Amino acid sequence: MAFLLRRLCFYLAAFLAAATINFFLPRLMPGDPVQIMFSSAGAELPPESLQALKLTFGFVDGPLWQQYLTYLGSIFSGDLGRSIKYFPLPVTTVLGNALIWTVGLMGTATIVSFTLGTFLGILAAWRRGSLFDVIVSVGAIFATSVPAVVTSLIVVFFFGFTLNWFPTGYAADPALDPAFTLQYLGSVLYHGILPMLTLCTVLTGGFAVTMRNNMINLLGEDYIIMARAKGLSDSHVMLWYAARNALLPTVSSLAIAIGTILGGSLVTEVVFNYPGLGNILYQAILARDYPVIQGQLLIMTATMLVANFIVDVSYVLLDPRLKRA
Amino acid sequence: MKTQPFGLIRNRKALVGVAIIAFILLVAIAAPLLTPYDPGARVGRPHQAPSLAHWLGTTRIGQDVFTRLIYGARTSLAVGFGAGLLITLVGTALGILAGYRGGKADEVISFFTNMVLVVPNLPLLLVLAAFIGQASPWVIALILGGTSWAWGARVTRAETLSVKQKDYVKSAEMMGEPRWRIMTFEIFPNLISIVGINFIGSVIFAIITQATLEFLGLGDPKVVSWGTMLYAAQKASALSVGAWWDILTPCFALAFLGIGLSLLNFAVDEIANPRLRTGNRLGRWSALIRSGEGRL
């Protein structure tokens, strides 16, 4: 419990750091940052939107620390300002709608590729040096060293444009009304297959290699030899003695990988024109919509911290030593 | 001799990796000799398919794709290796400092390292690049160096903790060697494989991230690099109009370079961590890599 509490405090500090970066960046711009942002967005907006933009970045009358506190206050009350491109929609609304799709895509891809990668890694380590091991290891090298942008573009070119098997854009058929009907959910699945395929291709190899290397480092341990000496079956030793212990460091590597997964899904969404955060962000970058670009850092950081916390909790569940401590 | 073929495969990893990188490097250096065109100039009709005059076709505005590819290799390699070096320098220095000094220094460095690790990298880079506006490749290399050292610092610190318990470090301390000397001449040389892996990994990361940032429209579109090629092609809807050569060319180049670097990285990893080896004999090529490790 103390462990989780300590982690929570740490996450709060990390979130504050991201917010602080957001606060100071516009202030480091030469001249009047709000005017610059306003003009580079190329927006013809009413004066009240300029006022809203000032409030978004905490430009109130007063000393710097007061501006900083005002800014933190509005962030923690869930106000990230208003989008320039979609004025007067609040940033939270713009990003919130997109977040659902991103988390859905990311979450499913993570679970699928983590499970698949872990099993491939276990088997490869168990049959170290076999043809299977070579295929998994070399395949993993190839899949993980190709940037997500490239994998997405190749997948969309091959399965989308050449074979025409799957749609090349949107999260569901735009002609359908979003509702919990079988038809709509089916359409969501159908549209999600290619982005999922891309993300799983990018991610599975990394998990497989981590698991394989952890397993190999454990296979020489005495308790593995002991388990074999007891005459336990191969699969029992592999899963309950070796894999169970090798899983711990793999789970902590998952926490580090979350950033990569987030980045990968952002890029994938842009290529597949998927209505998640990545796509919103891409549009915001093209339109120089600074409040949205800044807001995404906070929302992504929060998403990442929540994901990290989930990993922490599962770490506690997997490692009995932490429960007693 | 059943392990022999797999030992060979391990050796081949390093060999193929080095060959791929050397090939791309050579092409990048010899770019002006390999093509008659200028990478920025319009030299043909828009979106022409590959032909004898334009080996890899032309872009939406009639630039030669092959020319842009080999000139772009210069930018991508330069940023990759430059940023990789910077990331490794910062990470190694902080890691050794935290691991060796311990105490307050360790606490502060570790806290920042962990903090940087949980703030998502790409979104942070997007915000930084957006405020800088049309970031040149060197600016991208600099911000990569400033934000991506955390993983290296963490790994180096862990390794330093085990190296500093070794007898030769203890004896150097007894003899009264200054701390900076112990860190640079006693500890650092023994971390060289970790530093090598960190460096190659950072180069891969820098190349991928630069391409990603530019693809997302945060780079300087006037610069010729693989990332801006992707950006221009995507913006011209190259895939939907059927100009696959425009977008797949930088794609395969990035994949090719990424695979080359990763092969090298895995080979170094296997040499540094003997248990990961699939064979049990150090091959000729891994010995070659090992002798060159300091230069990686």
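Residues numbered from 1 in each chain as written. Chains lettered and ligands numbered in written order. Predicted model: local features only at pLDDT ≥ 70, side-chain atom pairs only at ≥ 80, totals over all residues. Heavy atoms only, no water.

## As for the pattern of salt bridges
All names here are of chain B.
Argument step 1. Evaluated as defined, the whole model comprises five salt bridges over all chains.
Argument step 2. Among the salt bridges present, the one from aspartate 106 reaches arginine 157, with a minimum N-O distance of 2.7 Å. Placement of aspartate 106 in helix α4 (residues 103-118) and of arginine 157 in helix α7 (residues 150-163) is noted, with a sequence separation of 51 residues between them.
Argument step 3. We note a salt bridge from aspartate 220 to lysine 222, for which the minimum N-O separation is 3.8 Å. (Salt bridge = Lys/Arg side-chain N within 4 Å of Asp/Glu carboxyl O. Helix = DSSP H or I, 4+ residues; strand = E, 2+ residues; numbered from the N terminus.)

## Quick word on unusual backbone geometry
Argument step 1. In the Ramachandran plot, Asn273(A) falls in the positive-phi region, its phi being about 50° despite a non-glycine side chain.
Argument step 2. Secondary-structure assignment places Asn273(A) in the loop between α10 (234-271) and α11 (277-286).

## Regarding the packing of aromatic side chains
Argument step 1. Tallied over the entire structure, the rule returns 16 aromatic pairs over all chains.
Argument step 2. A centroid spacing of 6.5 Å and a plane angle of 85° characterise the contact between Tyr11(A) and Phe309(A), whose relative ring orientation is edge-to-face. A residue pair is termed long-range when its members are at least 10 positions apart, and Tyr11(A) in helix α1 (residues 2-28) and Phe309(A) in helix α12 (residues 290-318) qualify at 298 residues.
Argument step 3. Among the residues examined, Phe309(A) registers a relative accessible area of 24% and is labelled partly exposed.
Argument step 4. Pairwise contacts between aromatic rings join Phe10(A), Tyr11(A), Phe309(A), Phe111(B) and Phe112(B) into one cluster.
Argument step 5. When the ring centre of Phe132(A) is taken as reference, the NZ or CZ atom of Arg127(A) above it lies at 6.0 Å. (Phe/Tyr/Trp six-rings, centres within 6.5 Å; stacked < 30°, edge-to-face > 60°. Buried < 20%, exposed > 50% of the residue type's maximum accessible area, 1.4 Å probe, protein only. Lys NZ or Arg CZ within 6 Å of the ring centre and 35° of its normal.)

## Notes on the interface of chain A and chain B
Argument step 1. Contacts between chain A and chain B engage 56 residues on the former and 51 residues on the latter.
Argument step 2. Carbon and sulfur atoms supply 80% of the area buried between chain A and chain B, which totals about 4,800 Å² over both sides.
Argument step 3. In terms of surface lost to chain B, no three residues of chain A exceed Phe10(A), Ile141(A) and Leu153(A), which account for 12% of the buried area on that side.
Argument step 4. Our enumeration of links across chain A and chain B arrives at zero salt bridges.
Argument step 5. At the boundary of chain A with chain B, the tally comes to two residue pairs in polar contact (both at pLDDT 80 or more).
Argument step 6. Listed by contribution, the elements that provide at least two residues to the side of chain A that touches chain B are α1, α6 (131-145), α7 (148-162), α8 (182-219), α10, α11 and α12 of chain A.
Argument step 7. The residue makeup of the side of chain A that touches chain B, split by class, is 41 nonpolar, 11 polar and four charged. (Contact = heavy atoms within 4.5 Å. Buried area = accessible area lost by both parts, 1.4 Å probe. Polar contact = N/O pair within 3.5 Å; in protein donor to acceptor, adjacent residues only side chain to side chain. Nonpolar A, V, L, I, M, F, W, Y, C, P; charged D, E, K, R; others polar.)

## Some remarks on the domain arrangement of chain A
All names here are of chain A.
Argument step 1. The domain architecture assigned to chain A consists of domain 1 (12-77) and domain 2 (99-322).
Argument step 2. The C-alpha-based centres of domain 1 and domain 2 are spaced at 35 Å.
Argument step 3. Taken together, the two surfaces of domain 1 and domain 2 that pack against each other cover about 1,000 Å², and 71% of this comes from carbon and sulfur.
Argument step 4. If you look at where domain 1 meets domain 2, you find zero salt bridges.
Argument step 5. Put simply, domain 1 and domain 2 have one residue pair in polar contact (both at pLDDT 80 or more) between them.
Argument step 6. Listing elements by their share of the side of domain 1 that touches domain 2, those giving two or more residues are α1, α2 (33-40), α3 (47-56) and α4 (64-76).
Argument step 7. Here the element with the most residues in the side of domain 1 that touches domain 2 is α1; it accounts for seven residues.
Argument step 8. Of the residues contributing to the side of domain 1 that touches domain 2, the split by class is 13 nonpolar, three polar and no charged. (Domains from an automatic or database assignment.)

## Observations concerning the UniProt feature "domain: ABC transmembrane type-1" (unreviewed entry) in chain B
Argument step 1. What UniProt calls "domain: ABC transmembrane type-1" (unreviewed entry) maps, in this numbering, to residues 73-265 of chain B.
Argument step 2. Across residues 73-265 of chain B, helical content stands at 80% and strand content at 0%; the span's end C-alpha atoms are separated by 20 Å. (UniProt positions renumbered as here; feature names shortened; annotations may be inferred.)

## Overview of helix α11 (residues 226-235) of chain B
Residue and element names in this part refer to chain B.
Argument step 1. α11 sits mainly inside the fold: eight of its 10 residues count as buried.
Argument step 2. When α11 is considered as a whole, its buried residues turn out to be Trp226, Gly227, Thr228, Met229, Leu230, Tyr231, Ala233 and Gln234.
Argument step 3. A positive phi of about 50° marks serine 237, the residue just after α11.

## Let's talk about the packing of α10(A) against helix α5 (residues 121-132) of chain B
Argument step 1. In the contact formed by α10(A) and α5(B), the axes pass within 7 Å of each other and the chain directions differ by 60°. Classified by the interaxial angle, the pair formed by α10(A) and α5(B) is oblique. For the pair α10(A) and α5(B), the contacting residues are Gly263(A), Leu266(A) and Val267(A) in the first and Leu122(B), Pro123(B) and Leu126(B) in the second.
Argument step 2. Partitioning the contact of α10(A) with α5(B) into residue classes produces five nonpolar, one polar and no charged. (Axes fitted to C-alpha atoms, helices over the stretch in contact; angles between N-to-C directions. Parallel < 35°, antiparallel > 145°, perpendicular 65-115°, else oblique.)

## Considerations on the nonpolar core
Argument step 1. In this structure, Leu153(A), Leu126(B) and Trp226(B) are the most contacted members of the largest nonpolar core, which totals 123 residues.
Argument step 2. At 13 residues, the largest contribution of residues to this core is made by helix α12 (residues 244-272) of chain B.
Argument step 3. Built from parts of two domains, this core gets at least three residues from each of domain 1 (12-77) and domain 2 (99-322) of chain A.
Argument step 4. Excluding residues that lie within four positions of it along the chain, Leu153(A) makes contacts with Val271(A), Phe215(B), Leu230(B), Gln234(B), Leu239(B), Ile247(B) and Cys251(B).
Argument step 5. Among the nonpolar cores identified, the runner-up in size contains 14 residues, and Ile122(A), Leu218(A), Ala242(A) and Ala243(A) belong to it. (Core = buried A, V, L, I, M, F, W, Y, C linked by side-chain atoms within 4.5 Å.)

## A few points about the confidence of the model for chain B
All names here are of chain B.
Argument step 1. Summing up the model confidence of chain B, the mean pLDDT is 81 and the portion of residues at 70 or higher is 88%.
Argument step 2. Taking the mean pLDDT of every element in chain B, the minimum, 38, falls on helix α13 (residues 284-291) and the maximum, 92, on helix α3 (residues 65-101).
Argument step 3. Predicted confidence for residues 1-8 stays below pLDDT 50, and this span has eight contacts to residues more than four positions away or in other chains.
Argument step 4. Here residues 279-296 is a poorly scored stretch, pLDDT under 50, and it has 32 contacts once near neighbours within four places are set aside; other chains count.
Argument step 5. Both confidence scores are given for the complex: pTM 0.83, ipTM 0.81. (pLDDT = per-residue confidence, 0-100.)

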